[in-house]
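# Structural description and commentary
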Amino acid sequence: MPDFLLEIGCEEIPARMIAAASQELRERVAALLNRERLSSSGNLSSFDTPRRLAVLAPGIAAAQDDVTEQVTGPSTQVAYKDGQPTAAAHAFAKKAGVDVSQLATIGTARGEYLAAKITKKGRSAAEILAEELPKEIASLYWPKSMYWRKPSERFIRPVRWLVAMLDEEVIGLEFGGVRAEKASRGHRSLSSGTVTIACAGTGYVDALRHAKVLGRDEREQQIRKALDAATRTIRGARWREDKALLDKVVNLTEFPSVVLGNFDPDYLALAEEVLVTVMRDHQSYFAVEEASGKLLPHFLAVLNSDGDPQGLIQHGNERVLRARFNDARFFWQTDQKISLLERLELLRHVTFQKDLGSYYEKTQRVQRLCSWLSELLKQSGMAVRPGVIHKAACLAKSDLTTELVKEFTELEGIVGGLYARVQELDPSLPKATRLAIADAIYDHYKPESADDDVPRSVEGAVLSIADKADTLAGMFALGLVPSGSKDPFALRRQANAIVKLIAEKKFPFPLTKLLQDARAGYQESEAEEKFIAPHSFEDSIRTFFHERLEFYLRDVRGYALDVVKAVLGADADDVVDAIARAAAVEEVMHVPEFQAIGAACKRIRNILKQARENGFETAGKFESLPEAAEEEKTLMAYLERTSPRVEAHRNQKQYLDALLLLSTAREPIDNFFDKVMVMVDDERVRANRLVLLQTLLKEFSTIADFSEIANEAKNPSKTNS
């Protein structure tokens, strides 16, 4: 069982694309080996750097096993005439590769047929891999790709070398005009170039390490050690932990080292957010800080080399950073000549979306929506400052016209908050109010991911929701709904943010009403002429947010899938209420009574569905008929006695108490199904029993659709409907 190695060598792959491509290549190779009956005896591993993607599979089969299978031919009636094989029998024997005398007769449900056993010779692994691997390589997903020979042979960058081996044997693989060899390549500048791979096993990693090429984990460890070592030269300093930046520089290097650089302390007068953005996002430098978190006038650059003994790289990086900081300081000073309030008019010339108008129009819509949301909060008894929200909404997008944001787009929103802190927005405003407005503007793009924090204040959260709801409403009204992996306007991310904001701030904002009111902000605009019908808009919004809320409950809050589906089956519009119901259902879902009730709810749904399909009438209300069984009267009496108490708990959002009370329904429900047949011939009795089941299902489904709960316990009721 030889070890298998595949390495694709190419020009530098963009850092952000390496991890996903490496994982996909490993999964594709694993699927290929399984599909072709060449499965590895161990786990496949990846090896990736900016210049290569590699997969190592230990102990795969050298060849497929021979497979014997039985194939069926014509019926005996067709295959024989007067006891002699016909042309059909001879043709089948020839196709099967056997003599006609070796054909057997088998019995099937359709009668007797000829059959033959065929042995398929297993192919060698080298032959299969040479044939199939080019297809898998060409099928790798890239956000963008290139081709330089055949359109079918696309890749992110031109392929320069291939290594494909089974132990010491080279596989005759070709892709992009390059044939596989034993020769890989080491570090561009720290090695002699070509690296001969003697064997496809662990020697591959050792050979590359000798040529100054390290695997991903080794590179990260080496970078961390180098960052620590460089920072220790500054008393009381530490490098600012940044997982995203660390992942980036790991994928920019093959043999990393770190150099410590310095900048003029005068630049620390600039906002920290500006300095860190320049270092992190534009230069891929790590910031250096005191133990308290205060920025220090130093930076750490990760190099793709073994060091900088003469200090030339350090000097070059310091010069580049100085120029970037000078630009940032110039833009900051220039921007202060026009206040955020004066910039509001400039937004008339900044397009939000080609069909939805300018950012000036968006600002007006968001202000109106914020006013409605503020009123809802006041009615619910929550403390809120509508004036702060209104002013923040007015200024939130003004920084789009600043030079600093034009140069550093990552600071959109943040710059507005920083400028609002230092500018006198209104002489009559107390300082605390101005700072509250600044904080709301600063935070109004949050959260930008599931892990990101929500805005610090209620006002910032309201502004964030209104801004995102306006975008979603406009895009959905135009029919620009995300599909598959396509979401060019990041609508899923913005919807996820709305759900998280409502959940964490416990806002009383129904999702459908929120988006309806956001769409209403576009009334009498030019955009409205291009909008889809309101009912289509509401349907798509409802479905979309149902998926987003399901994602939040399952992936963020960690509720089981059946609990989430049960809760959202009852209602998926009130985020805070859905979370409360999910917590209650999670607590009782494993109780035997609820397992049995879940099975009963499934059964009731099936009975009611069967009744609809057969056109059976359901009574308007339950009546105590003379023909009624004692069990159905008992069940109805239970409902009449218990429903008001359950409803009182629901109204108080005491869902656990309501569910515990509903759990007492198990006995009357079981007795009903044990003794009562619903689908009887008597129309009046049948209709009466159907409305009883309908009432029972409705009673249970107001908190959760218990038919969605996985049934772990056997329901004692076994009788037919």
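Residues numbered from 1 in each chain as written. Predicted model: local features only at pLDDT ≥ 70, side-chain atom pairs only at ≥ 80, totals over all residues. Heavy atoms only, no water.

### What to know about the overall build of the protein
Note the threshold: Numbering goes from the N terminus for both helices and strands, where a helix is a DSSP run of H or I of at least four residues and a strand is a run of E of at least two. For every residue, the accessible area obtained with a 1.4 Å probe (protein chains only) is divided by the maximum for its type, and the residue is called buried under 20%, exposed over 50%, and partly exposed between those limits. Pairs of residues are marked as contacts when any of their non-hydrogen atoms sit within 4.5 Å.
Helix and strand counts for the protein come out as 26 helices and 20 strands. Considering only C-alpha atoms, the protein reaches an extent of 95 × 80 × 50 Å along its principal axes. For the protein, with 721 residues in total, the buried portion stands at 50%. Across the protein, the fraction of contacts at a sequence separation of at least 24, relative to all contacts at a separation of at least 6, is 70%.

### Describing the pattern of salt bridges
Two side chains of opposite charge can pair, provided their charged atoms sit close to one another. Defined as follows: What counts as a salt bridge is simple: a side-chain nitrogen of Lys or Arg found within 4 Å of a carboxyl oxygen of Asp or Glu.
One pass over the full model with this rule turns up 52 salt bridges. The salt bridge involving E11 is made with R160; its shortest N-O contact spans 2.7 Å. You can see E11 sitting in the loop between β1 (4-10) and α1 (15-35) and its partner R160 sitting in strand β9 (residues 159-166), a full 149 residues away along the chain. Residue R666 is joined to D670 by a salt bridge in which the shortest nitrogen-to-oxygen separation is 3.3 Å. Highlighted residues: R666 and D670, both in helix α25 (residues 666-675), separated by 4 residues, approximately one helical turn.

### Focus: the packing of helix α23 (residues 630-651) against helix α24 (residues 655-662)
To describe two helices that pack against each other, one gives the angle between their axes and the distance between the axes. In plain terms, the rule: To get an axis, a line is fitted to the C-alpha atoms, and for a helix only the part in contact is used. The angle between two axes follows their N-to-C directions and goes from 0 to 180 degrees. Working rule for angles: under 35 degrees goes down as roughly parallel, over 145 as roughly antiparallel, 65 to 115 as roughly perpendicular, anything else as oblique. Should the near helix be turned counterclockwise from the far one by less than a right angle, the crossing is left-handed, whereas a clockwise turn marks it as right-handed. Gly is put with the polar residues, along with every residue not named as nonpolar or charged; the nonpolar set is Ala, Val, Leu, Ile, Met, Phe, Trp, Tyr, Cys and Pro, and the charged set is Asp, Glu, Lys and Arg.
At a closest axis distance of 8 Å, the pairing of α23 and α24 adopts a crossing angle of 165°. Relative to α24, the element α23 lies roughly antiparallel. Helix-helix and strand crossings are classified by hand; for α23 and α24 the assignment is left-handed. Note on element contacts: α24 touches α23 through Y655, D657, A658, L661 and L662, opposite Y638, T642, R645, V646, H649 and R650. Taken together, the residues of the contact of α23 with α24 sort by class into 6 nonpolar, 2 polar and 3 charged.

### Looking at the pairing of β1
A regular strand places its side chains so that they alternate between the two faces of the sheet. Where we set the bar: Two strands qualify as a pair provided DSSP detects at least 2 bridges between them.
Across the 7 residues that make up β1, a large majority, 7, are buried. Covered by surrounding structure in β1 are F4, L6, I8 and C10 together with L5, E7 and G9, the residues of both alternating faces. Judged from the 7 bridges that link them, β1 and β9 form a sheet pairing that is antiparallel. Paired with L5 across the two strands is M165, which belongs to β9. As judged from the 6 bridges shared by β1 and strand β3 (residues 52-57), these two strands associate in the antiparallel manner. Looking across to β3, one finds that I8 is bridged to L53.

### Here's the deal with a nonpolar patch on the surface
For the record, the criterion: For patches, a residue must show more than 30% relative accessible area and have no salt bridge; joins then use 9 Å for like charges and 5 Å for nonpolar side chains, namely Val, Leu, Ile, Met, Phe, Trp and Tyr. Shrake-Rupley sampling with a 1.4 Å probe provides the accessible areas, and residues are treated as covered by the protein chains on show and by no other component.
Taken together, the side chains of M146, Y147 and W148 define a hydrophobic patch exposed on the protein surface, amounting to about 280 Å² of accessible area. Checked against the element boundaries, Y147 lands in the loop between α4 (125-138) and β9. For Y147, a relative accessible area of 43% gives the class partly exposed.

### Comments concerning the nonpolar core
The nonpolar side chains of a soluble globular protein tend to be buried, and buried together. The condition is simple: Put simply, a nonpolar core is a bunch of buried Ala, Val, Leu, Ile, Met, Phe, Trp, Tyr and Cys residues held in one set by side-chain atoms that sit within 4.5 Å of each other.
In terms of nonpolar packing, the biggest core is built from 147 residues, with M279, L373, L404, L472, F545, L659 and F700 touching the most fellow members. For this core, the leading source of residues is helix α16 (residues 458-477), giving 11 residues. Excluding its chain neighbours within four sequence positions, the residues that come into contact with F700 are I597, C601, L662, A665, I669 and F706. Membership of the second largest hydrophobic core comes to 38 residues, among which are I13, L25, L38 and L166.

### Section: the sheet that holds strand β18 (residues 295-303)
Ordered in space as β15-β17-β18-β16, the 4 strands form an open sheet in which the pairing is antiparallel. A single partner strand is all that each edge strand has here, and the edge strands are β15 (237-239) and β16 (257-262). Mean inter-strand twist for the sheet, computed between neighbouring axes without regard to direction, equals 30°. Here 4 bridges tie strand β17 (residues 285-290) to β18, and the two strands are oriented antiparallel to one another. Paired with Y285 across the two strands is A301, which belongs to β18. Where helix α6 (residues 216-231) meets the sheet, it contacts β15, β16, β17 and β18, and its direction lies at approximately 160° from that of β15.

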